[in-house]
Amino acid sequence: AAPSAPPQDIVAVNQTLFTITISWQPVDCAHMNGNIRGYKVKYWERGSGNETKLDGNTTGTSYTLTDLQSSTTYVIQVAAENDAGVGVFGNLNASTLLFEVSVASTTIGVTLGQVENDVLITWNRTSSQCVDNGESFKTHPLSNSTMYMIPALEEYTEYNITVCINDSTCAFSIVTTNQAAPSAAPEEIKLKEKSSTSITIMWSPVPCDHHNGNITGYVVMLKKLDNGVSRSLTTRGSTMEYMIPGLEPSTEYEIQVAAFTIAAGPFTNDSLLASTLVQNLRQLLPLPQQTLEKVAVMLVG
């Protein structure tokens, strides 16, 4: 038959904020009713209507329950099992550790990484903490540690960082991560007007979710197509229009634009091809002077 008595002396031997370890002595020999081949462990929160949270098996005489709620009392049951089945369960009431800290003793300091957007948070020592990065609440039993690293947050984004000791004891700090180069280029570049020595261009803004900081100006990349020589020009401020001076008459150029914050972002994928106007009739028609004068008279007359 199945064992007719529960294991003896069921006790909690170690409790933390999130775990309980229990141990017991074997069933009395008179009630084993066969060879004991293991034990069943079940538990639930006290007052939850006897809802079983775990049905574990072990061949030893100890077991650790994990992923529990802090400051919570659990009903834990253990029964021996032989070839005939599971025997009588014995009960134990055990609680996870309580938080003991006052609001006044909880402070938080934030250090922002200077290169990567890693945030190091520190606080005064307590029994345990949990860290909230504003998106997903992360419970992290840190024992005696008083710091936690939140890695690789989004650039130039405001986060509300919270260190919680329990539901009613939290410390807050608001931090904005570092700026970075824009992750997109102005969406469109167009020709506004031109002369024989200048080209005026205009462009649309970088999409807001790609700014990664305060856009403080733009870089205009200019390449002369006949020889491939390039040069860059910088414009400060929020204007999205620029006159490129000092160009050669009747010359074709390739033009691109990039925005910058603390560094320049990518250039526009689609280049603008534009040519300056001719400077005079001699440049347009390589004819003798007398012929040019006759043409000019004809055009005027």
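Residues numbered from 1 in each chain as written. Predicted model: local features only at pLDDT ≥ 70, side-chain atom pairs only at ≥ 80, totals over all residues. Heavy atoms only, no water.

If you look the protein chain up in an unreviewed UniProt entry, it shows as Receptor-type tyrosine-protein phosphatase F from Geodia barretti.

**Points about the overall build of the protein chain**
Applicable threshold: Think of it this way: any DSSP run of H or I at least four residues long counts as a helix, any run of E at least two long counts as a strand, and we number them from the N terminus. Throughout, exposure labels follow a simple rule: accessible area from a 1.4 Å probe, protein chains only, divided by the maximum for the residue type, with under 20% read as buried, over 50% as exposed, and the rest as partly exposed. By definition, residues are in contact when any of their heavy atoms lie within 4.5 Å. Per-residue accessibility takes into account occlusion by the displayed protein chains alone, with areas from the Shrake-Rupley method and a 1.4 Å probe.
A tally of regular secondary structure across the protein chain gives two helices and 22 strands. Classification of the 301 residues of the protein chain by burial places 38% in the buried group. Partitioning the intrachain contacts of the protein chain with sequence separation of at least 6 by distance along the chain shows that 59% fall at a separation of at least 24. For the protein chain, the accessible area works out to roughly 16,700 Å², and carbon and sulfur atoms hold 50% of it.

**A look at the packing of aromatic side chains**
Quick reminder of the rule: The aromatic pairing rule takes the rings of Phe, Tyr and Trp, using the six-membered ring of Trp, and pairs them if the centres are within 6.5 Å, calling planes under 30 degrees apart stacked, those over 60 edge-to-face and the rest tilted. In this scheme, Lys NZ or Arg CZ marks a charge over a ring once it lies within 6 Å of the ring centre and within 35 degrees of the ring normal.
Evaluated as defined, the whole model comprises three aromatic pairs. Over the ring of Phe-89 we find Lys-42, and its NZ or CZ is 4.3 Å from the ring centre.

**Let's talk about the nonpolar core**
Quick note on the threshold: We call a set of buried residues a nonpolar core when its members are Ala, Val, Leu, Ile, Met, Phe, Trp, Tyr or Cys and they connect through side-chain atoms within 4.5 Å of each other.
Of all hydrophobic cores here, the largest spans 19 residues; its most connected members are Ile-201, Ile-244 and Ile-255. Looking at this core, the elements that each hand over two or more residues are strand E17 (199–203), strand E18 (217–224), strand E20 (241–244), strand E21 (252–260) and strand E22 (272–275). The element best represented in this core is E21, accounting for four residues. Discounting residues that sit within four places of it in the chain, Ile-201 has contacts with Ile-189, Lys-190, Lys-192, Val-220, Met-240, Glu-241, Tyr-242, Ile-244, Ile-255, Val-257 and Leu-272. Ranked by size, the runner-up nonpolar core spans 18 residues in total, among them Ile-10, Leu-68, Ile-76 and Val-78.

**Description of the pairing of E21**
Inclusion rule: Pairing between two strands is assigned when DSSP locates at least 2 bridges connecting them.
Where burial is concerned, most of E21 is hidden: seven out of the nine residues are buried. Bridge count between E18 and E21: eight bridges; the pairing is antiparallel. Directly across from Leu-222, in E21, lies its bridge partner Ile-255. Pairing geometry for E21 and E22, over four bridges, is antiparallel. Its bridge partner being in E22, Glu-252 is matched across the sheet by Ser-275.

**Things to note about the pattern of salt bridges**
How we decide: Only one rule defines a salt bridge in this text: a Lys or Arg side-chain nitrogen within 4 Å of an Asp or Glu carboxyl oxygen.
On inspection of all chains with the given rule, the structure shows six salt bridges. For Arg-37, the salt bridge identified is with Glu-81, shortest N-O distance 3.5 Å. One end of the pair, Arg-37, is in the loop between strand E2 (20–25) and strand E3 (38–45); the other, Glu-81, is in strand E6 (residues 73–82), and 44 residues separate them in sequence. On the accessibility criterion, Glu-81 (16% relative accessible area) is buried.

**Description of the sheet that holds E2**
Rules: Fitted lines through C-alpha atoms give the axes, limited to the stretch in contact for helices. The angle between two N-to-C directions lies from 0 to 180 degrees.
With antiparallel pairing, three strands are arranged side by side in an open sheet as E1-E2-E5. The open sheet is flanked by strand E1 (8–15) and strand E5 (62–65), the only strands paired with a single partner. When strand polarity is set aside, the average angle formed by the axes of neighbouring strands in this sheet is 20°. Of the strand pairs in this sheet, E1 and E2 are connected by five bridges, and their pairing is antiparallel. Directly across from Gln-15, in E2, lies its bridge partner Ile-20.

**Comments concerning the environment of Thr-66**
Along the polypeptide, Thr-66 turns up in the loop between E5 and E6. On the basis of relative accessible area, Thr-66 is assigned to the partly exposed category, the value being 43%. Through-space distance from the C-alpha of Thr-66 to that of Phe-18 is 6.3 Å; in sequence the pair is 48 residues apart. Those residues in contact with Thr-66, other than ones at most four positions away along the chain, are Phe-18, Thr-19 and Tyr-43.

**A short note on the sheet that holds E17**
Ordered in space as E16-E17-E20, the three strands form an open sheet in which the pairing is antiparallel. Edge positions in the sheet fall to strand E16 (189–194) and E20, since each has one partner strand and no second. Pairwise comparison of adjacent strand axes, ignoring direction, gives a mean angle of 25° for this sheet. In this structure, E16 lies alongside E17, joined through five bridges in antiparallel fashion. Its bridge partner being in E17, Lys-194 is matched across the sheet by Ile-199.

**Looking at the side chain of Thr-200**
Here Thr-200 lies in strand E17. Once you skip the residues sitting within four places of it in the chain, Thr-200 turns out to touch Lys-190, Leu-191, Lys-192, Glu-193, Glu-241, Tyr-242 and Met-243.

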